[in-house]
Amino acid sequence: MSGDPRSSAESVTGDRVPTAVRGFVHALRSRTAHIQQQTALPDEPTSALREVNPDAILAARFASEVAAVGCDVRRVTMENWLLSIEEILRGHAARSVLIEPGPETALTPKRAASLRQALAAKGLATMEDPSDDDMFAVDVSVTGVVTAVAETATMVCVSGSRTARGATLIPPAHIALVARSQIVPDLFDTFEQISAWGQMPANVNLITGPSKTADIEGVLVTGIHGPGSVHVLLLDE
Amino acid sequence: MGWLSGKLRLRLAEATRNTPVVEAVHRVTWRKVDARRVSMDKLRHAENLRTRAERIRRHVLERLPDYLEQFVTQATAGGACVHFAPDATAADRIICEIARSRGLRLAVKSKSMTTEEVRLNDALAAADVRVVETDLGEFIVQIDHDRPSHIISPIIHKDRRQIAGAMARELGCAYTEDPEELTSIARRHLRDIFRRCDLGITGVNFAVAETGTLCLLTNEGNGRMTVTRPRVHVALLGIEKIIPRLTDLPVFLKLLARSSTGQAMGAYTTLITGPKRSADRDGPEELHIVLLDNGRSDILAGPVPEVLHCVRCGACLNACPVYRNIGGHAYNSVYPGPIGSLLTPLLWGPSHEELPRVSSLCGACRLACPVKIDIPELLVRLRSLATDRQPRIKRWLLRGWAWGMNRAWRYRLGQRLMRRTLSDDGSGWATRGLGPLRDWTGQRDLPRPGARSFRQLWQEDLGDER
Amino acid sequence: MQVALFITCLTDTFYPRVGEAMVRVLRHFGCQVEFPAGQTCCGQPAFNSGFHREAARLISRMADVFSPYSCVVTPSASCATMVKHHGPPLFPEGDQARPAVCALADKTWEFTTFLRDRLGVDMAAHLRFDEPITFHYPCHAREIYSVEDLQGWLAGANGCDLRVPARPDLCCGFGGVFAVEYPELSDAMLRDKLSELEATGADLVISNEAACTLQMSGGAHRRGLRLRFKHLAECLAESLGLMEPESWAG
């Protein structure tokens, strides 16, 4: 994407831009004509500013950061991931489960189907595209992520036609399936990735740990509006 | 009234005597200062990142019209409706009109100092829109009919008893002082509101010019609810909050939460580009971005444009010994603390002109600022632009003093006079002085200058020794 | 080498002993000390209050008073900062006073860094203390030396039992005219500072800034606290046997 502001402005017709806005920008330009443009946009590669380098053992670093921000993290394989999920659901006494496979995530439609089957066999109802009322009754959601960051334990989730924004927000507990190969070292790497997508989706969430607040006397409380329990399943692939 | 100052001094003096608030502010700010220090020490590239962040902000503000143009074009292409509000009244009018024309009646708000700045809640209430603050601290402020006292943690001046009382009284719930239980009560109450709301109002932490993307940083999840549940999302954005590219965002993300709360990252960083796509499962159908000037272009074109570099992290408030001893309400402004001492007179004019003087220029704020704003320098610059409007006595005294200092003989005379004006009870300490010295001795003693000044000592003895 | 002493108005008036200590120490390390009698003030109070025209006049005068000398030493880091960092920007290119003001900025040294960097003195090696000490780091020393520098000079001293305050660089609340414009607020800040110092358990506070010492000692005395304050120059002079240890008159 071009970094030069002028080339973008000229190439788009801008006829949906209201006159008032264009008028303001024009007026601002006259008012600030005296300002010396002497500071270049920093363009040195950010690889030198990474906190975590590509040669680090990313899965281990990610796992320890995830635990440090208050998530439950488990290493799983294709052999035992279903059992892990069942265990987590039991721990939450879950009765309503949302399973949302997503494009570009480790939770493929095929894997989602096998999870659904496994849970159905245990008598557990699952859903994929709940109504509003049902969404607010979900106990635990299971989703994938698009990318994960070792540096900060951040998971990137993209909403779209098959993934709701509410899936990682409304239920009180969230299970995220992350493949080892999805982990990038540093936030700088994540944003290079996002930048390379081309068109931005309407909503991207970078999620780091459970929902939290410390507004009351500085006492940390989790699970205020978003999930209070976040379980990260680190899949060995 | 003192010799050099008036009503503001009295208000501040009274604030220092509000012991429960002062103690609460001490506790919370020290905790945040320590948390910031620990987390910044762990950030290996902290100093380089701060420098880079400073340069990015400076670069953008040197070219703001171009970046604004790019942002507006991109945001519009992404499906957002962009509005321009020259001042607070216009912002309120635009947002109320959006609500009215779409029949929106229940608005949820994520915390936004900009919306406080334009007093949006009052305007919406007058337009018959029910507004519910959803950030826990702002929610408590709202139900207790209070004002926020810190730009990040609105209720650091309140203790759990006050909060418990407000919640029991206003929500009719059982009285409890337990933070977990109080939070749970708020969660249940607000969840119901989130299910029914039709308008969501947020501020914006950063707006990316390259893609027209809004970046929101939150911890609780109320921000995400606000931009997901209602069918219309209105984002109020000060024109200075632009950054050039997506790849510039991580520079700020790495610094912001550490500076604010000591966390490495906040819980949720949300990137919004336009309203929901037609096939998206959820999200608002309309996104309105209201660009707010309200004096910012004056600041940009004026003598202290660096004030606009601010990313509203609150680190300077936590670091400031003045803020710590008076609390946020004493500033009588939406923006308290060091950055507030600059913003407030610049946005709201002459009645706040004295605020930049309320600082010892200790520089703790400058050290804490993630974008390296030299707040003490800007305070001095503002002071230098207001000298003719300072109290007459102060101007005379200061100019008189400077005149006196301009000749060695006048300086020596001044020394002798001062020795005379300080009462001597034989202890070597003066407890009462005259004139401005009375304002000193009101609080502390002053050592009475000894029999000889250094220059006398030199002339009589020391100079000749070798 | 020859050094000219820039004593500062506060040290001249309230703490002549600090000046005496500086002179004795500088002579001890081989300097010839001069004292230009025409000196008055660097103009910092005027500058901080925004009265820049008045401050510029005073700085320019100081530049003239010190023009015969090639090396100027001052006991105050804040006055050194005023001269070195805030003076020159007050004189635009082309102003005829600018060369002298810039020359003053280049040749002015704060006392402790002068000893360390120009004379190569290992401060810690020459210092000795026979009671626990703590210290105050002046906010306006940031351009001159760091908290770690000051702590290092003290921690390595002979017989040193250094009690580091939780926040050595906490502002004492002086802030120049601020202290008399908003005295209650200044005193509230002072209260925090004094509690920090008292909490260390040491009675002797090393404070290298006359303004801060005035504020802290004045507040300590009013409150009946046992804290006493000394400039590093005095401690050095006493440790080197160049001056009698001062007895605290109370």
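Anything mentioned here points back to the structure above.
Residues numbered from 1 in each chain as written. Chains lettered and ligands numbered in written order. Predicted model: local features only at pLDDT ≥ 70, side-chain atom pairs only at ≥ 80, totals over all residues. Heavy atoms only, no water.

(A) Fine view of the pattern of salt bridges. Residues and elements named next belong to chain B. For the structure on display, the rule yields 70 salt bridges over all chains. In this structure, Glu460 and Arg452 form a salt bridge, with 2.9 Å as the shortest nitrogen-oxygen distance. Judged by relative accessible area, which is 46%, Glu460 ranks as partly exposed. The partly exposed category is assigned to Arg452, whose relative accessible area is 29%. (Salt bridge = Lys/Arg side-chain N within 4 Å of Asp/Glu carboxyl O. Buried < 20%, exposed > 50% of the residue type's maximum accessible area, 1.4 Å probe, protein only.)

(B) Geometry of the interface of chain B and chain C. Between chain B and chain C, the residue contacts involve 69 residues of the former and 69 residues of the latter. Taken over both partners, the interface formed by chain B and chain C buries close to 6100 Å², and the fraction arising from carbon and sulfur atoms is 61%. In this assembly, chain B and chain C are joined by seven salt bridges. Linking Arg455(B) and Asp12(C) is a salt bridge whose minimum nitrogen-to-oxygen distance equals 3.0 Å. Summed over the shared surface of chain B and chain C, the result is 31 residue pairs in polar contact (both at pLDDT 80 or more). Counting residues per element, the side of chain B that touches chain C draws most heavily on helix 19 (residues 392-405) of chain B, at seven residues. (Contact = heavy atoms within 4.5 Å. Buried area = accessible area lost by both parts, 1.4 Å probe. Polar contact = N/O pair within 3.5 Å; in protein donor to acceptor, adjacent residues only side chain to side chain. Helix = DSSP H or I, 4+ residues; strand = E, 2+ residues; numbered from the N terminus.)

(C) Looking closely at the interface of chain A and chain B. Counting residues at the interface gives 93 residues for chain A and 101 residues for chain B. Of the roughly 8500 Å² buried between chain A and chain B on both sides combined, carbon and sulfur atoms contribute 57%. At the surface where chain A touches chain B, the tally comes to 14 salt bridges. Between Asp298(B) and Arg31(A) there is a salt bridge; the shortest N-O distance is 2.7 Å. Along the contact surface separating chain A from chain B lie 52 residue pairs in polar contact (both at pLDDT 80 or more). Of all the elements in the fold, those that place two or more residues in the side of chain A that touches chain B are helix 1 (5-11), helix 2 (19-31), helix 6 (132-135), helix 7 (187-196), strand 9 (203-207) and strand 10 (212-213) of chain A. Here the element with the most residues in the side of chain A that touches chain B is helix 2 of chain A; it accounts for seven residues. Bridging between strand 9 of chain A and strand 9 (residues 268-272) of chain B involves five bridges; their strand directions are antiparallel. (Pairing = 2+ DSSP bridges.)

(D) Highlighting the sheet that holds strand 1 (residues 81-85) of chain B. All names here are of chain B. With respect to topology, six strands assemble into an open sheet ordered 1-10-7-4-2-3, the strand pairing being parallel. The open sheet has two free edges, formed respectively by strand 1 and strand 3 (130-133), since each of these has just one partner strand. Taking each pair of neighbouring strands and ignoring which way they run, the sheet shows an average axis angle of 20°. Where strand 2 (residues 106-109) meets strand 4 (residues 199-202), three bridges bridge the pair, whose relative direction is parallel. Each residue of the ladder has a partner; that of Lys109, found in strand 4, is Ile201. Its contacts with the sheet place helix 4 (residues 64-77) against strand 1, strand 7 (232-238) and strand 10 (286-292), and it is angled at close to 165° to strand 10. (Axes fitted to C-alpha atoms, helices over the stretch in contact; angles between N-to-C directions.)

(E) Here's a closer look at the packing of aromatic side chains. In the structure shown here, the tally under the stated rule is 13 aromatic pairs over all chains. Ring centres of Phe24(A) and Phe84(B) lie 3.9 Å apart, and the angle between their planes is 15°; this geometry places the pair in the stacked category. With Phe24(A) in helix 2 and Phe84(B) in strand 1, the pair connects residues from two separate chains. The pair Phe24(A) / Phe84(B) is uniform in exposure class, with both members buried. A centroid spacing of 6.4 Å and a plane angle of 40° characterise the contact between Phe454(B) and Trp458(B), whose relative ring orientation is tilted. On the criterion of helical spacing, the pair formed by Phe454(B) and Trp458(B) is a turn pair, its members being four residues apart in helix 22 (residues 454-462). As far as the burial class goes, Phe454(B) and Trp458(B) line up, both buried. Through successive ring pairs, a cluster of aromatic residues spans Phe454(B), Trp458(B) and Phe35(C). Across the ring face of Tyr335(B), the terminal group of Arg312(B) is positioned such that the distance to the ring centre comes to 4.7 Å. (Phe/Tyr/Trp six-rings, centres within 6.5 Å; stacked < 30°, edge-to-face > 60°. Lys NZ or Arg CZ within 6 Å of the ring centre and 35° of its normal.)

(F) The arrangement of the pairing of strand 4 of chain B in detail. All names here are of chain B. Here strand 4 shows a buried face lined by Leu199 and Ile201 and a second buried face lined by Gly200 and Thr202. The sheet contact formed by strand 4 and strand 7 spans four bridges and is parallel. Within strand 7, the position partnered with Gly200 by the bridge is His233.

(G) The pairing of strand 1 (residues 2-5) of chain C, seen in detail. Residues and elements named next belong to chain C. As paired elements, strand 1 and strand 2 (residues 32-34) share three bridges and run parallel to each other. Following the sheet pairing, Ala4 is matched in strand 2 by Glu34. Judged from the two bridges that link them, strand 1 and strand 3 (residues 72-74) form a sheet pairing that is parallel. Note on strand 3: the bridge partner recorded for Leu5 is Val73.

(H) Representation of the sheet that holds strand 6 (residues 213-218) of chain B in the model. If you walk across this open sheet you meet the eight strands as 8(A)-5(A)-6(A)-9(A)-9(B)-6(B)-5(B)-8(B), and the pairing is mixed. Both outer strands of the open sheet, strand 8 (183-184) of chain A together with strand 8 (242-243) of chain B, are each paired with one neighbouring strand and no more. In this sheet, strand 9 of chain A lies alongside strand 6 (residues 154-158) of chain A in antiparallel orientation, the contact comprising four bridges. Looking at strand 9 of chain A, one finds that Val158(A) is bridged to Val204(A).

(I) Looking closely at helix 4 (residues 81-91) of chain A. All names here are of chain A. Among the residues of helix 4, those classed as buried are Trp81, Ser84, Ile85, Glu86, Ile88 and Leu89. Tucked into the core, helix 4 has its buried residues touching strand 1 (72-76), strand 2 (96-100), helix 5 (109-121), strand 4 (140-144), strand 7 (173-179) and strand 12 (229-235). Count one or two residues on from helix 4 and you reach Ala93, which has phi positive near 50°.

(J) How the structure looks around the side chain of Thr190(A). Residue and element names in this part refer to chain A. Examined against the element boundaries, Thr190 turns out to sit in helix 7. With a relative accessible area of 0%, Thr190 lands in the buried category. Excluding its chain neighbours within four sequence positions, the residues that come into contact with Thr190 are Thr147, Val149, Val156 and Val184.

(K) Up close: helix 5 (residues 77-86) of chain C. Among the ten residues of helix 5 of chain C, seven are classified as buried, and the element is accordingly described as predominantly covered. Those residues of helix 5 of chain C that are buried are in contact with helix 3 (44-48), helix 4 (52-65), strand 3, helix 6 (98-107) and strand 4 (108-110) of chain C.

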